[in-house]
Structure formats: C-alpha cells, structure tokens
Amino acid sequence: MLAGRSLGRGYDWLWTAFAVSTFGTGFAFDALPLLAILVLHAPPEAVSVLAAVGLLAGAAVALPLGPWIEFRRKRPVMIAMDLIRFAATISVPIAFVLGRLSFAQLVIVAVIMAAADIAFRAASGACLKALVKPNELVVANGRLEATTWTATAIGPPLGGAAIGALGPVVTVIANAVSFLLSAAAIRRIGGSEPAPVQRQAQAFRPAELIEGWRAILAHPVLRLLFVNSVLVNGLIMATAPLLALLMLRDLGFAPWQYGLAFGAPCIGGLIGARLAPSLVARFGQHHVLLAAGTLRACWSLGLAFMPHGAAGIAVVFALQFGLVTCIGIFNPVFAAYRLAQIEMERTARVLSAWTITSSSTIAVFTALWGVLAGLAGVRAAIALSGLLMLLTPLLLPRRALKAWEGQGSPRAEVFR
C-alpha cells in the first residue's frame, strides 16, 4: 500500500478493511465462473448467464438499499454487508465438500454478492466523506485506487497458482475470510459516527428509490461524469470475455500469457494513483480530470489489431499499461470530486444509484457485445467498442470553476 502521512485513525482502519477485502476479491478473481467451468462443466452460454444475471439481479435487489442505508449509521451497515458476503461465499465450499454444489447456487451467490457490494460501496463512500477533510479526499481516494490496482496485479496470479496446487475452492475460502477481517477492521475505526439523516416522514416514499438519480441529473457536472463513467466502464468490461476468446482461442496464447498480459500492466494503475495528488496540486482538479479522461479513451481500439506471438503480448501490455495508468489518475480525482459535490444526506443514495447503473450497463453491454461478436466476429466487436470509446471524452466537462480552494469547504462548480 501507499506510504505517507496518516489521514487519521478512522481512515487507516477503513483503508485496512478495504485492502483486506480487495485483496481477497483479487485472489478469488472469477472464482464463480471458474467453478462453473471446472466443477460443474457448464457451457460457455451458462457462464455468460451467470455473470450477466448476477449483475442485473444484484442491481435490482440493491435498488431499495440506497434509501435504507441513507437513514442508518454506515459502519453497522458495512459490517452487516461483510457478514452477508461471508455467509454467501462460504456456502460455496461447504456445498462443494458435501457434493451439493449446483449452478443455481452459484447464481444465487452471485446475486447476493452483487447487491451486498453495491450496498457496501454506498455506505463506505458516506463513511469516507465523514472521516476525511474535503482537501484530503484526492489523497484518500488515491490510496484506495492504488490498493485496487495492486490487488488486481497480485491477486489473480496468486489465486491461479493456489487453484492449481490446492483445488478450485481454496480462493473462495480465502475471499470469505477476507470479509470477516474487513468487518473486524471496520469495528476498529473508533470515534463516534455522525448521526444518520432523519426521515422527514416515517412512511417510505417510492420517490426515495430514484432520489440518487435525481440528485445526479440535477447537477450540471455530475450528470456528464455519470454518463461518461458508466459508458467507459461498460465498453471496457464488455470486451473482457471477447479478448479472452481472441487471445486464448483465436491467437493460441497460453493462459499464463493471457494473465501476464493483463495483470502486469496493472502496475500502471498504481503509478497513476500515486501521481494523481501531485498532478492535481500542480495543474488543478479540472485539468487533470479532462486530460486523464480524454487519454483513457485512446487505447482500447488498438486491441482489435492484436498480432500473434510475442508481438501480440507486447501490444496488449503497452495498450493496457496506458489505459490503466490513465484510469489510475482519473478515478481518485473523479471520486474525490463526486464526494465533494454530494450533500451528506444524499451520499448513500447517489453512490448506490451510480453503482446500480454501472453494474446494469456492464451486464447489458456484455450481452450485446457477445451477440455482436457472434454476428460480425470478435475483432469487429472489439473495434466497435474502441471506436465508441473515442467518443466518450465529448461527455467530459470542458470548462469549470475550482471545486474547492485551500482548506475551505467544497463549492459547486459552474459549467456553461
């Protein structure tokens, strides 16, 4: 993780919880699809259904959780979500040992995990906003971003080695334990948590379900960043299975070469996250968002022209390194801006709405690009994604006032 001054005991424990669960998730990367393939011998279309249904159904289940989280203390919610994720995850190796593991159980676990992830992210974002000063949000989010990329670079290769040596459920067990450790770290945050927002009316109002989206769309900058980030994430993730097909089936790369080509470049995300606070201090938040957001759209198209052999590995490494470095710079600055612009009483609902939309878009885009690849070919589908990525900078805000100045509170940006 990143060295540097502490942002407070509360943040350090929140960061620890995030790091433990993130490394656990990285270690168990694609564990459910792998179990479906290796243990249940599920066909490719069933594996795609597992991924898409998990995201879509999980988003639907999480829809009412945003308002529910908003009016409750966030740390108990985070602990509860960790315990739910532990229970869902540990049920898989238990069923495996008993010889009762089924595809239906994997789907149910995927749905529970997706919904709990959305709820945890919403609660943790509100918790982070309460723990960290506004002028420290970029640094705080930069450390979380660096942790994510470190886990992405290290976790999957170690998990793959563990599966080869110890069997297909060992990474699932490790992931389950990571959620328990995360819950323990959250309990150690200490201090008094701010009182949750009080409902103006005791009865639940259906309008609360869309309050997060209303807040996003009412903000002249957030709505642009919302559409931009949702589209970028959807386009990137939609091609993930297609790139696996292209490299492993069509170009004949070995699995370890595929893992190396996409794992090693994640060091760029760590570098980008380390650079983000310095770049903001030198050039300003808006200029960094605009530059990094534009540059991250320039890499994906090249993947459609990947050659055979060592040259192909080199091309993938170079393109992925450039992409994740730009993402590593953009994400913490974007996350800090988003938290600064959301009123505390709407934080959980906004973050929940954002994640639900992103997860649903990824699921839909993945299904659509799978159909497109069947009709036009894998390379054509990847190329279309890359071409659309080139258009996403048009949705970035072009002019702005500073989001915050010095040690003061954030103030709304005005874009014309």
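Use the structure listed above.
Residues numbered from 1 in each chain as written. Predicted model: local features only at pLDDT ≥ 70, side-chain atom pairs only at ≥ 80, totals over all residues. Heavy atoms only, no water.

This paragraph deals with the overall build of the chain. From N to C terminus, the chain includes 17 helices and zero strands. For a compact globule of 416 residues, the expected C-alpha radius of gyration is about 22 Å, and the chain comes in at 21 Å, within 12% of that figure. Once the C-alpha set of the chain is aligned to its principal axes, its extents read approximately 55 × 50 × 45 Å. Looking at the chain as a whole, 50% of its 416 residues qualify as buried. Of the contacts formed within the chain by residues at least 6 apart in sequence, a portion of 84% connects residues at least 24 apart. Here the chain has roughly 18400 Å² of accessible surface; of this, 69% comes from carbon and sulfur atoms. For the chain, the distance from the average position of its 31 positive side-chain charges to the average position of its 16 negative side-chain charges is 4 Å. (Helix = DSSP H or I, 4+ residues; strand = E, 2+ residues; numbered from the N terminus. Rg over C-alpha atoms; globule rule 2.2 N^0.38 Å. Buried < 20%, exposed > 50% of the residue type's maximum accessible area, 1.4 Å probe, protein only. Contact = heavy atoms within 4.5 Å. Areas by Shrake-Rupley, 256 points an atom, 1.4 Å probe, with all protein chains shown as cover. Lys, Arg positive; Asp, Glu negative; His and termini not counted. Charge placed at Lys NZ, Arg CZ, Asp CG, Glu CD.)

On to a nonpolar patch on the surface, then. Taken together, Ile94, Phe96, Val97 and Leu98 make up a surface patch of nonpolar side chains, about 410 Å² in accessible area. Looking at the element boundaries, Phe96 is found in helix 5 (residues 74–98). (Patch = residues over 30% accessible without salt bridge, like charges linked within 9 Å, V, L, I, M, F, W, Y side chains within 5 Å. Salt bridge = Lys/Arg side-chain N within 4 Å of Asp/Glu carboxyl O.)

On to the environment of Ile37. Looking at the element boundaries, Ile37 is found in helix 2 (residues 31–38). Considered as a pair, Ile37 and Ile163 are 126 residues apart in the sequence and their alpha carbons are 13 Å apart. If near-sequence neighbours (up to four positions away) are discounted, Ile37 is found in contact with Ala42 and Val47.

Here we take up the state of the cysteines. Each disulfide consists of a covalent bond between the sulfur atoms of two cysteine residues. Tallied over the entire structure, the rule returns zero disulfides. Sulfur of Cys326: no disulfide; nearest cysteine sulfur belongs to Cys298 and is 7.6 Å away. (Disulfide = S-S within 2.5 Å.)

Right, let's get into the packing of helix 7 (residues 137–166) against helix 13 (residues 267–283). Taken N-terminus to C-terminus, the directions of helix 7 and helix 13 make an angle of 170°; their axes are 7 Å apart at the nearest point. Between helix 7 and helix 13, the interaxial angle falls into the category roughly antiparallel. Counting all contacts with helix 7, which are made through Val138, Val139, Gly142, Glu145, Ala146, Trp149 and Thr150, the residues of helix 13 involved are Gly269, Leu270, Ala273, Ala276, Pro277 and Val280. Its residues assigned to classes, the contact of helix 7 with helix 13 shows nine nonpolar, three polar and one charged. (Axes fitted to C-alpha atoms, helices over the stretch in contact; angles between N-to-C directions. Parallel < 35°, antiparallel > 145°, perpendicular 65-115°, else oblique. Nonpolar A, V, L, I, M, F, W, Y, C, P; charged D, E, K, R; others polar.)

Here the focus is the side chain of Thr22. Take Thr22: it is sitting in helix 1 (residues 9–27). Ignoring anything within four residues of it in the chain, the contact list for Thr22 reads Thr147, Thr148 and Ala151.

Let us look at the packing of helix 11 (residues 240–250) against helix 17 (residues 378–391). Their axes nearest at 10 Å, the elements helix 11 and helix 17 cross at an angle of 145°. Judged by the twist between their axes, the crossing of helix 11 over helix 17 is left-handed. Two secondary-structure elements touch here, helix 11 through Leu242, Leu243, Leu246, Arg249 and Asp250 and helix 17 through Val378, Arg379, Ala381 and Ile382. Classifying every residue of the contact of helix 11 with helix 17 gives six nonpolar, no polar and three charged. (Left-handed = near helix turned anticlockwise from the far one by under 90°.)

Turning our attention to the pattern of salt bridges. Taken as a whole, this structure holds five salt bridges when the rule is applied. In this structure, the salt-bridge partner of Arg85 is Asp82, at a minimum N-O distance of 2.6 Å. With Arg85 and Asp82 both in helix 5 and three residues apart, this pair spans about one turn of that helix. Assessed through its relative accessible area of 6%, Arg85 is described here as buried.

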